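# Structural description and commentary
Here is what each chain is made of, one letter per residue.
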Amino acid sequence: IYLKKRRYWGETKLEALNLPPASPLRQTFEKSVLSRGQSQLKQYWIKQHYKGYRPPYRVESSKSVLLFVKKVKGALGYIPLSQLDKGVKVIYRGEE
């Protein structure tokens, strides 16, 4: 989903969200879930740009991720477990 290899879940268009590049949570997510570092992802998205694909939307905070996910069908993101609330569904839980 984050590499745009899967863009739909059934009929629902998926909208992935990223935190800013300097975010420690984003760096952990990229290494542990995507198995890539920032330089590898930068090169990946340069290549994908020529295929018409854009990287996930960037939001400035975990709070922004929560608000977006609650309001937009198909939106997904990552947040610290401590900020999880009942308005969202967990689809994957990484190691703490």
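The sections below set out a description of the structure shown in this document. These figures come from a predicted structure and were not determined experimentally. (Residues numbered from 1 in each chain as written. Predicted model: local features only at pLDDT ≥ 70, side-chain atom pairs only at ≥ 80, totals over all residues. Heavy atoms only, no water.)

Right, let's talk about the layout of surface pockets for a bit. Considered as a void within the structure, the largest pocket measures approximately 1200 Å³ in volume. Around the largest pocket, the lining comprises 35 residues; the ones closest to its centre are Gly-77, Tyr-78, Val-90, Ile-91 and Tyr-92. Grouping the amino acids of the lining of the largest pocket by side-chain chemistry returns 22 nonpolar, 7 polar and 6 charged. (1 Å grid on protein atoms, 1.4 Å probe; cavity = no way out; pocket = protein on both sides within 12 Å on 5 of 7 lines; lining within 4 Å. Points joined across faces, edges and corners; volume = space filled by probe spheres on them. Nonpolar A, V, L, I, M, F, W, Y, C, P; charged D, E, K, R; others polar.)

Let's shift gears to the side chain of Glu-30. Its location among the elements puts Glu-30 in helix 1 (residues 24-32). Not counting chain neighbours up to four residues away, the residues in contact with Glu-30 comprise Ser-35, Arg-36, Gln-38 and Leu-41. (Helix = DSSP H or I, 4+ residues; strand = E, 2+ residues; numbered from the N terminus. Contact = heavy atoms within 4.5 Å.)

Structurally, Asn-18 can be placed in strand 3 (residues 15-18). On the accessibility criterion, Asn-18 (7% relative accessible area) is buried. A distance of 2.8 Å separates a polar atom in the side chain of Asn-18 from a polar atom in the side chain of Tyr-78. Not counting residues up to four positions away in its chain, the partners in contact with Asn-18 are Tyr-2, Arg-26, Pro-56, Tyr-57, Arg-58, Val-59 and Tyr-78. (Buried < 20%, exposed > 50% of the residue type's maximum accessible area, 1.4 Å probe, protein only. Polar contact = N/O pair within 3.5 Å; in protein donor to acceptor, adjacent residues only side chain to side chain.)

Remember, this is a structural readout, not a statement about activity or role.
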